[in-house]
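So the chains spell out like this:
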Amino acid sequence: MKVYKFGGASVKDASGVRNVERIVRMAINDPMVHGLMVVVSAMGKTTNALERVVDYLAEGHEDKALAQWVDVFDYHVAIMRELGLQPGVDIRLQGEIPYDPTLPYDENYDQVVSTGELLSSQIIAVYLLKQGLSVEWWNIPKLLRTDATWREAKVDDETSRAVITAGWNRPNRPQVVVTQGFIGGTKDGKRTTLGREGSDYTAALLGNYLDAESVTIWKDVPGILNADPRIEPNTILIPSLRYMDAVELANSGAQVMHPKSIRPLENKHIPLLVKPFGDPQAAGSRIADDGVGPIGVPVYIWRKNQILITMRAKDFAFVLEESLSEIFDIIHRHRLKVSLIQSSAVTISVCVDNTRFVPAAIEELQEHFNVSYNDHLSLLTIRGTTPEILENAKAGRTIMLSQTTRRTARLVVKESDI
């Protein structure tokens, strides 16, 4: 069996959904394919729009929230009609916003934002069914069991594996199953999310549970490139790379895959393919360990929306020796994502994703340390650097922090200099 994951860009409109049908049909026409799991993200920028709904409600702007909610459904209704589907008949639409003002922000976030994947997956499943394919829709929050760590739920592998394999292996299962990425569910029926871009992780978990031959992520790029084509003009396709390299790229901020996606696949030696949805016959990129060599070109990875926090001991104590565990306990409890660490005898600097959790973390750090910070930053990681490459990367940019090892350079720069 195979797992296909389609991101939001590949299903952002009716033509994208039709292209999914074309790719799915190509797969199931292959006599070697005995089942296809299709994992889909929310359509286009729906997740961002639903995040605004949550923010408006949290701020008390109910009229703005309702208007944004209606816009989201109007967008999906337009796609349904262009595909020949009848809203409310072929697909039941959710009317009220699943928001409870008595609940914490993060719990409400998961209930509202998960609506995007449920909508997109139903539209695609019904459309494929009407095109004559053998299809079944799965409601993944009832199958992929997680804890209640809202917005970054942790998956209960044992329970999830048992339920999902039983459903997949039952007699007379349709050839194609369509389900959602990014979301799961608690044992008491609450929807959860796995972290932004978590659809890749869902696909990897399903591939692991079902012993897939391969997992394919369909993207709007030719495969894994050595740089972001929106920033670097001359990019190079990386046709193959090792699991280890993929993990390093993902954790450095590469947008091609979710950092958690590699481990479930590496554990069972399942190849991960990254292919262009606009050209299904193209080779794309392959991540595996069977005969794959090291990456032969320099790789440039941008991680945007960073904040650089520097802590200095108030009494000139040796920070590294006496305070490291305390600092990282605070960072862990406030759910900060550390991108880079640098220390001296009396200071520690960390570069972290600038999320809404940062202000509270800084406030607590200030109780113990003298804290300074700079925001509106980006982190550039260069794998396979040379003195010439590093010099060119620094040219014309304000460098807030620089680290260089044998093969990797990391530069924290102002976002305005990108």
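This text goes with the structure placed above it.
This text gives an overview of the structure that appears in the document. (Residues numbered from 1 in each chain as written. Predicted model: local features only at pLDDT ≥ 70, side-chain atom pairs only at ≥ 80, totals over all residues. Heavy atoms only, no water.)

Here's the deal with the overall build of the protein
Argument step 1. If you tally the helices and strands in the protein, you get 13 helices and 16 strands.
Argument step 2. For the protein, whose C-alpha radius of gyration is 23 Å, the value lies close to the compact-globule estimate of 22 Å for 418 residues.
Argument step 3. Residues classed as buried in the protein amount to 53% of the 418 residues present.
Argument step 4. Expressed as a percentage of contacts within the protein between residues at least 6 apart in sequence, the contacts between residues at least 24 apart total 74%.
Argument step 5. As presented, the protein carries roughly 19200 Å² of accessible surface, and 49% of it is formed by carbon and sulfur atoms.
Argument step 6. Computed over 46 positive and 52 negative side-chain charges, the separation of the two mean positions in the protein equals 4 Å. (Helix = DSSP H or I, 4+ residues; strand = E, 2+ residues; numbered from the N terminus. Rg over C-alpha atoms; globule rule 2.2 N^0.38 Å. Buried < 20%, exposed > 50% of the residue type's maximum accessible area, 1.4 Å probe, protein only. Contact = heavy atoms within 4.5 Å. Areas by Shrake-Rupley, 256 points an atom, 1.4 Å probe, with all protein chains shown as cover. Lys, Arg positive; Asp, Glu negative; His and termini not counted. Charge placed at Lys NZ, Arg CZ, Asp CG, Glu CD.)

As for the packing of helix H11 (residues 324-333) against helix H12 (residues 358-366)
Argument step 1. Packing of H11 against H12 brings their axes to within 9 Å, and their N-to-C directions diverge by 155°. It follows from the interaxial angle that H11 and H12 lie roughly antiparallel. Crossing angle aside, the handedness with which H11 passes H12 is right-handed. Contact residues: H11 offers Ile327, Ile330 and Arg333, while H12 offers Ala361, Glu364 and Leu365.
Argument step 2. Of the residues assigned to the contact of H11 with H12, the class counts are 4 nonpolar, no polar and 2 charged. (Axes fitted to C-alpha atoms, helices over the stretch in contact; angles between N-to-C directions. Parallel < 35°, antiparallel > 145°, perpendicular 65-115°, else oblique. Left-handed = near helix turned anticlockwise from the far one by under 90°. Nonpolar A, V, L, I, M, F, W, Y, C, P; charged D, E, K, R; others polar.)

Comments concerning the layout of surface pockets
Argument step 1. Here the second largest pocket is characterised by a volume of approximately 210 Å³.
Argument step 2. Phe73, Arg92, Leu93, Gln94, Thr115, Leu118, Leu119, Gln122, Trp137, Asn139 and Arg191 are the residues that line the second largest pocket.
Argument step 3. Take the lining of the second largest pocket: its biggest share by element is 4 residues, from helix H5 (residues 115-130).
Argument step 4. Its residues placed into classes, the lining of the second largest pocket shows 5 nonpolar, 4 polar and 2 charged. (1 Å grid on protein atoms, 1.4 Å probe; cavity = no way out; pocket = protein on both sides within 12 Å on 5 of 7 lines; lining within 4 Å. Points joined across faces, edges and corners; volume = space filled by probe spheres on them.)

As for helix H2 (residues 46-58)
Argument step 1. Here H2 is 13 residues long and its end C-alpha atoms lie 19 Å apart, about the 18 Å a rise of 1.5 Å per residue gives.
Argument step 2. Along H2, the positions that sit buried rather than exposed are Thr46, Thr47, Ala49, Leu50, Glu51, Val53, Val54 and Leu57.
Argument step 3. For H2, the secondary structure elements touched by its buried residues are helix H3 (62-82), helix H4 (105-113) and H5.
Argument step 4. Positive phi shows up at Gly60, right after H2, with a value of about 85°. (Expected span 1.5 Å × (residues − 1).)

Here we look at the packing of aromatic side chains
Argument step 1. On inspection of all chains with the given rule, the structure shows 6 aromatic pairs.
Argument step 2. An angle of 10° between the planes, with centres 6.1 Å apart, marks the rings of Phe6 and Trp218 as stacked. Of this pair, Phe6 sits in strand E1 (residues 2-6) while Trp218 sits in strand E7 (residues 214-219); the two residues are 212 residues apart in sequence, bridging distant segments of the chain.
Argument step 3. Aromatic side chains Tyr105 and Tyr109 sit 6.5 Å apart centroid to centroid with 35° between the ring planes, which places their arrangement in the tilted category. Taken together, the residues Tyr105 and Tyr109, both in helix H4 and 4 residues apart, mark about one turn of the helix.
Argument step 4. Take Tyr109: its relative accessible area is 3%, and that puts it in the buried class.
Argument step 5. In this structure an aromatic cluster arises from ring pairing among Tyr4, Phe6 and Trp218.
Argument step 6. In this structure, Arg151 is placed above the aromatic ring of Tyr109, and the distance from its NZ or CZ to the ring centre is 4.0 Å. (Phe/Tyr/Trp six-rings, centres within 6.5 Å; stacked < 30°, edge-to-face > 60°. Lys NZ or Arg CZ within 6 Å of the ring centre and 35° of its normal.)

A closer look at helix H6 (residues 157-169)
Argument step 1. With 13 residues, H6 extends 17 Å between its outermost C-alpha atoms, agreeing within 8% with the 18 Å of an ideal straight helix rising 1.5 Å per residue.
Argument step 2. Those residues of H6 that sit buried are Ser160, Ile164, Thr165, Gly167 and Trp168. The arc that holds the buried residues of H6, viewed along the axis, is 160°, so those residues lie on one side. More than 90 degrees from the buried face of H6, the exposed residues found are Glu158 and Asn169.
Argument step 3. Buried residues in H6 make contact with strand E2 (36-40), strand E4 (176-180) and helix H7 (199-209).
Argument step 4. Put simply, Asp156 is the residue that caps the front of H6, since its side-chain oxygen is 3.3 Å from the backbone nitrogen of Glu158. (Arc of directions from axis to C-beta. Polar contact = N/O pair within 3.5 Å; in protein donor to acceptor, adjacent residues only side chain to side chain.)

Regarding the pattern of salt bridges
When their charged atoms lie close together, side chains carrying opposite charge are able to pair.
Argument step 1. In the structure shown here, the tally under the stated rule is 18 salt bridges.
Argument step 2. The residue Arg407 makes a salt bridge to Glu248 at a minimum N-O spacing of 3.1 Å. Here Arg407 is found in the loop between strand E15 (399-404) and strand E16 (408-414), whereas its partner Glu248 is found in helix H8 (residues 243-252), with 159 residues between them in sequence.
Argument step 3. A relative accessible area of 24% means that Glu248 is categorised as partly exposed.
Argument step 4. The shortest N-O distance in the salt bridge between Glu364 and Arg333 comes to 2.6 Å. (Salt bridge = Lys/Arg side-chain N within 4 Å of Asp/Glu carboxyl O.)

Quick notes on the sheet that holds E16
Argument step 1. Pairing within the open sheet is antiparallel, and its 6 strands lie in the order E12-E13-E11-E14-E16-E15. Single-partner strands in this sheet number two, and they are strand E12 (338-343) and E15. Going across the sheet, the axis of each strand differs from the next one's by a mean of 25°, ignoring polarity.
Argument step 2. Of the strands in this sheet, strand E11 (299-313), strand E14 (369-383) and E16 are in contact with H8, which crosses E11 at around 60°.
Argument step 3. Strands E11, strand E13 (347-353) and E14 of the sheet are contacted by H12, whose axis makes an angle of about 130° with E14. (Pairing = 2+ DSSP bridges.)

Regarding the nonpolar core
Argument step 1. Formed by 91 residues in total, the largest nonpolar core has its most connected members in Phe6, Met37 and Met257.
Argument step 2. Top element by residues in this core is H5. It accounts for 8 residues.
Argument step 3. Sequence-distant contacts of Met257, defined by excluding residues within four places in its chain, comprise Asp200, Ile217, Ile224, Ala246, Ala250, Ile262, Leu272 and Ile287.
Argument step 4. Counting 17 residues, the second-largest nonpolar core is a separate cluster that includes Ile327, Ile331, Leu365 and Val371. (Core = buried A, V, L, I, M, F, W, Y, C linked by side-chain atoms within 4.5 Å.)

Brief notes about the pairing of E15
Argument step 1. Both E15 and E16 contribute to a ladder of 5 bridges, which runs antiparallel. When the sheet's bridge partners are listed, Gln403 is paired in E16 with Arg410.

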